[in-house]
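Listed below, chain by chain, are the residues.
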Amino acid sequence: MQRDLPLVRMANISKWFGAVQALNNVSIEVRHKEVLGLLGDNGAGKSTLIKILAGVFPPDEGEIYFNEEPVKFSSPKEARARGIETVHQELSLVNIMTISRNFFLGREPTRRIGSISLLDKKKMDEECSRVIGEVGIRVRSPNEYVSILSGGERQAISIGRAMYFGAKLLILDEPMTALSVKETRKVIEHIEEARESGASVIFITHNVYHVYPVADRFVMLNKGVKTGEFGKEEHEAEEIIEMVASSEGVL
Ligand SMILES: Nc1ncnc2c1ncn2[C@@H]1O[C@H](COP(=O)(O)OP(=O)(O)OP(=O)(O)O)[C@@H](O)[C@H]1O
Ligand SMILES: [Mg+2]
């Protein structure tokens with residue numbers, strides 16, 4: 001069977017932070033409409049890898065291909081223009097802004113009055129209320145500040161925003177603050193919805209049990225090196241947990 005070309009391919013990526021090599025010759029691919037679980041212990045290089053893909057910083061070595069076309073992102077904006085939307089571990093919402101402002105940050109709709117272009121506040125509030133309602137968050141007003149929201153609510157708003165702007169690849173880096181069981185379940189639901197709408201997802205988590213039910217494939221990193229890449233059917237969740245914990249790979 002001929003295999004479809006991947007949506008995204010990162011080839012031979014290396015990255016140093018001073019003397020620390022965060023990534024050493026790592027290659028991954030993300031296929032169309034798949035959920036890829038990215039696993040590995042603290043400091044394995046997971047966030048660094050997805051930050052390179054999200055345009056936060058460039059790799060020192062290696063290439064990125066989007067639909068097999070070589071791409072270089074010099075900012076998150078350029079990655080977003082290709083449909084790569086990222087929910088970072090350090091949550092990507094600004095506390096001192098309202099929910100609605102956060103939702104449209106950098107992509108605010110405008111309306112014109114004569115030659116003057118103004119923020120379309122009404123549209124922002126309406127669209128934002130609709131989308132966050134759809135992702136199951138109850139807030140009194142889109143003009144509430146983000147600082148009052150729980151970790152799960154912030155995560156959901158970021159995901160809602162990504163899907164609203166037509167993400168082709170949704171990247172979720174597990175938030176530092178633990179989500180409640182209910183919030184986690186919601187995030188998993190959103191991942192399934194994203195895939196159903198045709199997007200691919202990279203999901204980073206320490207908890208294999210969270211990602212296992214939704215994942216199609218897994219990539220494991222350990223100290224900047226790829227140590228595993230396999231389909232879900234190849235390993236039980238318990239085996240994968242053991243591999244991550246023992247730092248033993250299967251490559
Ligand atoms: N901006 C930075 N400056 C210096 N060192 C960094 C920077 N970002 C990451 N590192 C280092 O690179 C290595 C990989 O870090 P990274 O954040 O990618 O790991 P991770 O797999 O996401 O870990 P965690 O599961 O704890 O989030 C670590 O040794 C880390 O200290
Ligand atoms: Mg990280």
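From a predicted model like this one, the values you see are computed outputs, not experimental measurements. (Residues numbered from 1 in each chain as written. Chains lettered and ligands numbered in written order. Predicted model: local features only at pLDDT ≥ 70, side-chain atom pairs only at ≥ 80, totals over all residues. Heavy atoms only, no water.)

1. Structural notes on the packing of aromatic side chains
Line of reasoning, step 1. For the coordinates displayed, the defined rule picks out 9 aromatic pairs.
Line of reasoning, step 2. Geometrically, the ring pair formed by Phe 218 and Phe 230 is tilted, given 5.8 Å between the ring centres and 35 degrees between the ring planes. Within this pair, whereas Phe 218 is found in strand 11 (residues 217–222), its partner Phe 230 is found in strand 12 (residues 225–231), the two being separated by 12 residues in sequence. You'll find Phe 218 and Phe 230 in the same group, each marked buried.
Line of reasoning, step 3. Here a set of aromatic residues connected by ring pairs shows up, and it is made of Phe 103, Phe 104, Tyr 164 and Phe 165.
Line of reasoning, step 4. Positioned above the aromatic ring of Phe 165, the side-chain terminus of Arg 107 is 3.8 Å from the ring centre.
Line of reasoning, step 5. Lys 232 extends its terminal NZ or CZ atom over the ring of Tyr 212, reaching a point 5.3 Å from the ring centre. (Phe/Tyr/Trp six-rings, centres within 6.5 Å; stacked < 30°, edge-to-face > 60°. Helix = DSSP H or I, 4+ residues; strand = E, 2+ residues; numbered from the N terminus. Buried < 20%, exposed > 50% of the residue type's maximum accessible area, 1.4 Å probe, protein only. Lys NZ or Arg CZ within 6 Å of the ring centre and 35° of its normal.)

2. A closer look at the site of ligand 1
Line of reasoning, step 1. Around ligand 1 there are 13 residues in total, and Asn 42, Gly 43, Lys 46, Ser 47 and Thr 48 lie nearest to it.
Line of reasoning, step 2. Measuring from an oxygen atom of ligand 1, one finds a side-chain N or O atom of Asn 42 at 2.9 Å.
Line of reasoning, step 3. The separation between an oxygen atom of ligand 1 and a polar main-chain atom of Ala 44 is 3.1 Å.
Line of reasoning, step 4. For ligand 1, the accessible surface in isolation is 630 Å², of which the surrounding protein chains cover 62%.
Line of reasoning, step 5. Those elements that provide at least two residues to the shell around ligand 1 are strand 2 (20–30) and helix 1 (46–53).
Line of reasoning, step 6. Tallying contributions element by element places helix 1 first for the shell around ligand 1, with 3 residues. (Near = heavy atom within 4 Å. Polar contact = N/O pair within 3.5 Å; in protein donor to acceptor, adjacent residues only side chain to side chain. Areas by Shrake-Rupley, 256 points an atom, 1.4 Å probe, with all protein chains shown as cover.)

3. A closer look at the sheet that holds strand 10 (residues 200–204)
Line of reasoning, step 1. Strand order in the open sheet made by the 6 strands is 6-9-10-3-11-12, with mixed pairing throughout. On the outer flanks of this sheet lie strand 6 (84–87) and strand 12, each paired with one strand and no other. Strand after strand, the sheet turns through a mean of 15 degrees between neighbouring axes, direction not considered.
Line of reasoning, step 2. Of the pairings in the sheet, the one linking strand 3 (residues 35–39) to strand 10 comprises 4 bridges and is parallel in character. (Pairing = 2+ DSSP bridges. Axes fitted to C-alpha atoms, helices over the stretch in contact; angles between N-to-C directions.)

4. Structural notes on unusual backbone geometry
Line of reasoning, step 1. For Asn 25, which is not glycine, the phi dihedral falls at a positive 55 degrees.
Line of reasoning, step 2. The topology assignment puts Asn 25 in strand 2.
Line of reasoning, step 3. Even without being a glycine, Asn 67 presents a positive backbone phi close to 50 degrees.
Line of reasoning, step 4. The residue Asn 67 is located in the loop between strand 4 (61–66) and strand 5 (69–71) in this model.
Line of reasoning, step 5. The exposure class of Asn 67 is partly exposed, given its relative accessible area of 42%.

5. Considerations on the pairing of strand 8 (residues 116–119)
Line of reasoning, step 1. Relative to strand 8, strand 7 (residues 110–113) runs antiparallel, the two being bridged by 4 bridges. What sits directly across from Arg 112, in strand 8, is Ser 117.
Line of reasoning, step 2. Connecting strand 7 to the antiparallel partner strand 8 that follows it, the hairpin turn spans 2 residues, and Gly 114 within it adopts a positive phi of roughly 60 degrees.

6. Some details on empty space enclosed by the protein
Line of reasoning, step 1. Tallying each qualifying case throughout the model produces 1 cavity of 30 Å³ or more.
Line of reasoning, step 2. Estimated volume of the largest cavity: approximately 50 Å³.
Line of reasoning, step 3. Forming the boundary of the largest cavity are Gly 40, Asp 41, Met 220, Leu 221, Asn 222, Thr 227, Met 243, Val 244 and Ser 247.
Line of reasoning, step 4. Here the element with the most residues in the lining of the largest cavity is strand 11; it accounts for 3 residues. (1 Å grid on protein atoms, 1.4 Å probe; cavity = no way out; pocket = protein on both sides within 12 Å on 5 of 7 lines; lining within 4 Å. Points joined across faces, edges and corners; volume = space filled by probe spheres on them.)

7. Points about the packing of helix 4 (residues 121–134) against helix 5 (residues 151–164)
Line of reasoning, step 1. Two numbers describe how helix 4 lies on helix 5: the axes approach to 9 Å, and their chain directions differ by 115 degrees. One element, helix 4, and the other, helix 5, form an angle in the roughly perpendicular class. Helix-helix and strand crossings are classified by hand; for helix 4 and helix 5 the assignment is right-handed. In contact with Glu 127, Arg 130, Val 131 and Ile 132 of helix 4, helix 5 contributes Ile 157, Gly 160 and Tyr 164. (Parallel < 35°, antiparallel > 145°, perpendicular 65-115°, else oblique. Left-handed = near helix turned anticlockwise from the far one by under 90°. Contact = heavy atoms within 4.5 Å.)

8. Topic: the sheet that holds strand 5
Whenever strands of a sheet pair, they do so through backbone hydrogen bonds, lying parallel or antiparallel.
Line of reasoning, step 1. Taken in spatial order, the 4 strands of this open sheet run 2-1-4-5, and their pairing is antiparallel. For this open sheet the edge positions go to strand 2 and strand 5, each flanked by a neighbour on one side alone. Pairs of neighbouring strands in the sheet enclose a mean axial angle of 30 degrees, with direction left out of account.
Line of reasoning, step 2. In the packing of helix 1 onto the sheet, contacts are made with strand 1 (8–17), strand 2 and strand 4, and the angle to strand 1 comes to roughly 120 degrees.

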